[in-house]
Structures are given as structure tokens and as C-alpha cells.
Amino acid sequence: MSNNVVRLAQRSFSEREENAIRHALDWVYRFGLSERGILEHTLFPEIRDGLVRDMLARGWLRELETGEADPRKILVLADDGYGEVGENYPFPLPCPEMTMRSWNGSGLHKRLHLQIATADNLRGGLFEGFRTPRMPGFGDIGDAGMDLEWLLPDGLVYAVEVDLDGRSGGELERFAARVIDRAERGKYHRTVIILGCLATLERYREIFRKGARVSVWDGEGENPSRTGFRIMPDLNERVIFMMMENTRGPLRWR
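This is a predicted model, so every value here is computed, not measured.

**Q** Even after reading the chapter, I still don't get the packing of aromatic side chains, so can you show me in this structure?
**A** Aromatic rings considered in pairs are described by the distance between their centres and by the relative angle of their planes. With the rule as written, the count across this model stands at 10 aromatic pairs. Consider the rings of W27 and F130, whose centres lie 5.2 Å apart with planes at 70°: the pair is edge-to-face. You can see W27 sitting in helix 2 (residues 13–31) and its partner F130 sitting in strand 3 (residues 129–131), a full 103 residues away along the chain. With respect to burial, W27 and F130 carry one shared label: buried. Relative to Y204, the ring of F175 lies with its centre 5.8 Å away and its plane at 70°, an arrangement referred to as edge-to-face. On the criterion of sequence distance, the pair formed by F175 in helix 7 (residues 169–185) and Y204 in helix 8 (residues 198–207) is long-range, its members being 29 residues apart. Comparing F175 with Y204 shows no difference in burial state: the two are buried. Cluster of aromatic residues (ring-pair linked, three or more members): F175, Y204, F208 and F241. We note R30 situated over the ring of F130; from NZ or CZ to the ring centre the distance is 4.6 Å. Sitting above the plane of the F175 ring, R167 keeps its charged end 4.1 Å from the centroid.

Calculation notes
Residues numbered from 1 in each chain as written. Predicted model: local features only at pLDDT ≥ 70, side-chain atom pairs only at ≥ 80, totals over all residues. Heavy atoms only, no water. Phe/Tyr/Trp six-rings, centres within 6.5 Å; stacked < 30°, edge-to-face > 60°. Helix = DSSP H or I, 4+ residues; strand = E, 2+ residues; numbered from the N terminus. Buried < 20%, exposed > 50% of the residue type's maximum accessible area, 1.4 Å probe, protein only. Lys NZ or Arg CZ within 6 Å of the ring centre and 35° of its normal.

Now the structure itself:
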């Protein structure tokens, strides 16, 4: 999915609508689920109302109740939709969400906010494609621990991480160490960190400040031990912070 496809320029409305439907189906296939507002208002605002209705009518998507107030429902592939979009791939992607009768997974809001940021910046031209963890090639260049890869036209790749819960303390230091290692290996051009509140942003800015001391931890869980520290290198050109503003998309800080 590239920017010129998402823009759907210079096509009749019926052609644009059909192309939007096909690419929205591919979007759900890659992410495993989505939400009506993301597809109709963030990804394809030129189509807007009716896109999801048509996909439901074709039997390509179905709705799942989430048990939450927002979103009340999410969208997953139906069998016919899975078969339709799967023809475009050399082998099928796993879609465990298809077997659910209602949402019983975890991390729903993180997954949806990741889609909002991806759709917003795809349309804005920051990158031209993306890989999700279920896609072939994800993490092959050296790090499978992030949430998404954004693909740039010159072959560069951004690693994308989402933190809506607000890491702090040792958890944040271990995350920072992973980003340092990623930058030192040079496999990813930049790491994009999408955050959920200003307080979290300030903690991240402080630990990623050049010269900051970052503790080195041994072990995970409740009783990790501090074994030393390392100095934060200058990652000003290697890390991008994005702040989610409700559901209207990210604001960027470099």
C-alpha cells in the first residue's frame, strides 16, 4: 500500500471507492483487525461513509463486540474476505482474530492507535509502506521486538514502538537500552516512539537526552538487578517522538 494508492487521485468516484475497499481489506488483513472510524475517516476520508457498510454487505468483514464503550465494535475478516485478499500474497498470513466471537484479546487500544498513526503518516508522506509482525520479512534486518516497520521509498526502514501505558523506572531504562543497541547496529534508520500523554513524553525526553545515565539491568520480572550504567549517545537524528492527541492522529516532535 503506497501513498499514491491511498490518495486515489484522478479516478472516478466508483473506481476510487472500489480501490479503497480493496486496500481497506488489505489493511485489516495485515493488522488482523480495525475499526470503522479508522478506515472511513483516517485512512480513506475521501470515501467516508459507506466503505465499511459495503464490505460488510459483501461478506468480507464482520463486527465483533468489544465490551467497551469506545470502540463498541471492531472489524475482523470474514472467511470470504480472507480468501479474497489472500490471493494477493504468496502464502496466507495468520489471522487468529477471525475465530473470535467477541473480542477477548489484549492491547486493543494500542493496536488501534498504531493504525491511526500509520494511516495519518502514510497519507502525510512520511513513508510509503509498512510491515506488521505477522508479515514475512518483519524484523529480518535485526530486531523483531518492535510493533511495526514503516518503509521509506529509498529503502530505509523505521522501527515503530507504541507506549500508551507510560513506561518508567527500570522498564523505561531497558527500553532505552534496546533503542541504543538498535541505533548502534545501524539496521534501522530511525525509531519512532508513539506516546499517550505529556508526562510520558517528558520522561522519554529526559532519558533520551544526550549524556543521560541509563542503568543496565540484569533479569526481568519483579527482581531485576542493576549491574552498571551506560551513557546515552546523541540520538537526536535517530529517534522521533509522536504524541497521540485523542484519536485525531499524532503530533510530531523530533
